[in-house]
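Residues per chain, in single letters:
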Amino acid sequence: MADERRALFYALAAVLLWSTVASAFKLSLQYLSPIQLLFWASLFSVAILGLMLTLQGKWKELLWMPPAPLLRLGLPGLFTPWLYYLVLFKAYELLPAQEAQPLNYSWAITLSLLAVPVLGHKLRRKQLAAIALSYFGVLIIATRGDPLSLEFSNGFGVFLALASTLIWASYWLWQTWSKVDPVIALFCNFVFALPFIAATLWLTEGFSLPDQKGLAGALYVGMFEMGLTFLLWLKALQLTSSTARIANLIYLSPFLSLVLIHFLVGEEILASSYLGLLLIVAGVLLQQQYGIRNGEETP
């Protein structure tokens, strides 16, 4: 029982912290461009993940790896953090946070679709209907409650938010073949991607030291979106005897995020945002449930 209480505590802490990151993105982008936010947040994340490796005594395991496995661990960093966050932060710059956050959350459905050609999964009619329900929710959010109009608040921003789901899903499918400790894998991703991120910043905007508010935002994003929260979630899954029960807590995050966006960013949350997010989450849950009933391993 003590382990279950600790697992619940760690999981809820992770959910609460992840609920703040959409607001953190939007607030940080008032002081930093998307590529500046990505560079400084990634730099902080490397330091935080390196500290985690030190506290867990895992440096020896990492340093004894041959170059080829290290390269395989680092390559997914081209997807995340480099390309994924660059696209996602630009989407947040162009869209209200209440639109960018739920649209990005539809990555779970994109993952299910990509798993068909990549992992050989099969989707039945009920699963396809659940996916269609989620994407109808996406359409409601993108059109602000008028799906028949097909008029978007910012068409390019919507495209980027949905493109980020494709990049994120591709990253996780790549990671399904990895058997390495996830903290080590994530550290390698960021270390490998950092020179590419730095080169992108240098070639597009050049280097300059942000003001204190910009650095504080990047530190928060690097710590809680890209580093520490991941460890809390991993710890919760390790302690619990019911992974499914803990994993379902993640569905609280996008709804809490909308509440925080209202109070922290100051956006008036539209009913269409809540309705669209509800349809997205319902579609994800139904699609997973139909997969379980058919004895499939949902990605």
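The preceding data block contains the structure.
Residues numbered from 1 in each chain as written. Predicted model: local features only at pLDDT ≥ 70, side-chain atom pairs only at ≥ 80, totals over all residues. Heavy atoms only, no water.

(A) Seen up close, the overall build of the protein chain. A count of helical and extended segments in the protein chain gives 15 helices and 0 strands. In terms of overall size, the protein chain behaves like a compact globule, its C-alpha atoms giving a radius of gyration of 19 Å where 299 residues would be expected to give roughly 19 Å. The proportion of buried residues among the 299 residues of the protein chain is 50%. In the protein chain, the share of contacts with a sequence separation of at least 24, taken over all contacts with a separation of at least 6, comes to 85%. When the accessible surface of the protein chain is totalled, it reaches about 14,400 Å², and 68% of it is carbon and sulfur. (Helix = DSSP H or I, 4+ residues; strand = E, 2+ residues; numbered from the N terminus. Rg over C-alpha atoms; globule rule 2.2 N^0.38 Å. Buried < 20%, exposed > 50% of the residue type's maximum accessible area, 1.4 Å probe, protein only. Contact = heavy atoms within 4.5 Å. Areas by Shrake-Rupley, 256 points an atom, 1.4 Å probe, with all protein chains shown as cover.)

(B) Examining unusual backbone geometry more closely. Omega for the peptide link from T80 to P81 comes to 20 degrees, which places this bond in the cis form. The backbone of R144 sits at a positive phi, close to 55 degrees, despite the residue not being glycine. Along the polypeptide, R144 turns up in the loop between helix 8 (125-142) and helix 9 (155-175). According to the relative accessible area criterion, R144 is partly exposed, its value standing at 42%.

(C) A look at the environment of W172. Position of W172 relative to the elements: it lies in helix 9. W172 gets classed as partly exposed once you look at its relative accessible area, which sits at 32%. Between the C-alpha atoms of W172 and L111, which are 61 residues apart in sequence, the distance is 8.1 Å.

(D) The arrangement of the environment of L27 in detail. Secondary-structure assignment places L27 in helix 1 (residues 2-28). Through-space distance from the C-alpha of L27 to that of V221 is 11 Å; in sequence the pair is 194 residues apart. Not counting chain neighbours up to four residues away, the residues in contact with L27 comprise L264 and V265.

(E) Highlighting the nonpolar core. Core analysis: the biggest nonpolar cluster contains 70 residues, and F89, Y92, V221 and M226 have the highest contact counts within it. Top contributing element to this core by residue count: helix 10 (residues 182-204), with 12 residues. Excluding its chain neighbours within four sequence positions, the residues that come into contact with M226 are L38, A41, S42, S45, L49, Y85, F89, L186, F190 and V221. (Core = buried A, V, L, I, M, F, W, Y, C linked by side-chain atoms within 4.5 Å.)

(F) Representation of helix 7 (residues 107-119). Along its length, helix 7 reaches its greatest deviation from straightness, about 25 degrees, at L113, and the proline P117 lies no more than four positions downstream. Along helix 7, the residues classified as buried are A108, I109, T110, L111, S112, L114 and A115. Remark: G120 follows helix 7 within two positions and exhibits a positive phi of approximately 80 degrees. (Bend = angle between axes of the 7 residues up to and from the residue.)

(G) Representation of the pattern of salt bridges within the structure. Evaluated as defined, the whole model comprises 3 salt bridges. Residue D181 pairs with K58 through a salt bridge whose shortest N-O separation is 2.5 Å. On the criterion of sequence distance, the pair formed by D181 in the loop between helix 9 and helix 10 and K58 in the loop between helix 2 (34-56) and helix 3 (59-63) is long-range, its members being 123 residues apart. Taking relative accessible area as the criterion, K58 reaches 17% and is therefore assigned buried. A salt bridge links K90 to E93; the nearest nitrogen and oxygen atoms lie 2.7 Å apart. Placement of both K90 and E93 in helix 5 (residues 79-94) is noted, with a separation of 3 residues, approximately one turn of the helix. On the basis of relative accessible area, E93 is assigned to the partly exposed category, the value being 33%. (Salt bridge = Lys/Arg side-chain N within 4 Å of Asp/Glu carboxyl O.)

(H) Quick look at the packing of helix 5 against helix 10. Packing of helix 5 against helix 10 brings their axes to within 8 Å, and their N-to-C directions diverge by 45 degrees. Overall, the two elements helix 5 and helix 10 adopt an arrangement that is oblique. For the pair formed by helix 5 and helix 10, the contact residues are T80, P81, W82 and L86 on the first element and N189, F190, A193, F196, I197 and T200 on the second. (Axes fitted to C-alpha atoms, helices over the stretch in contact; angles between N-to-C directions. Parallel < 35°, antiparallel > 145°, perpendicular 65-115°, else oblique.)

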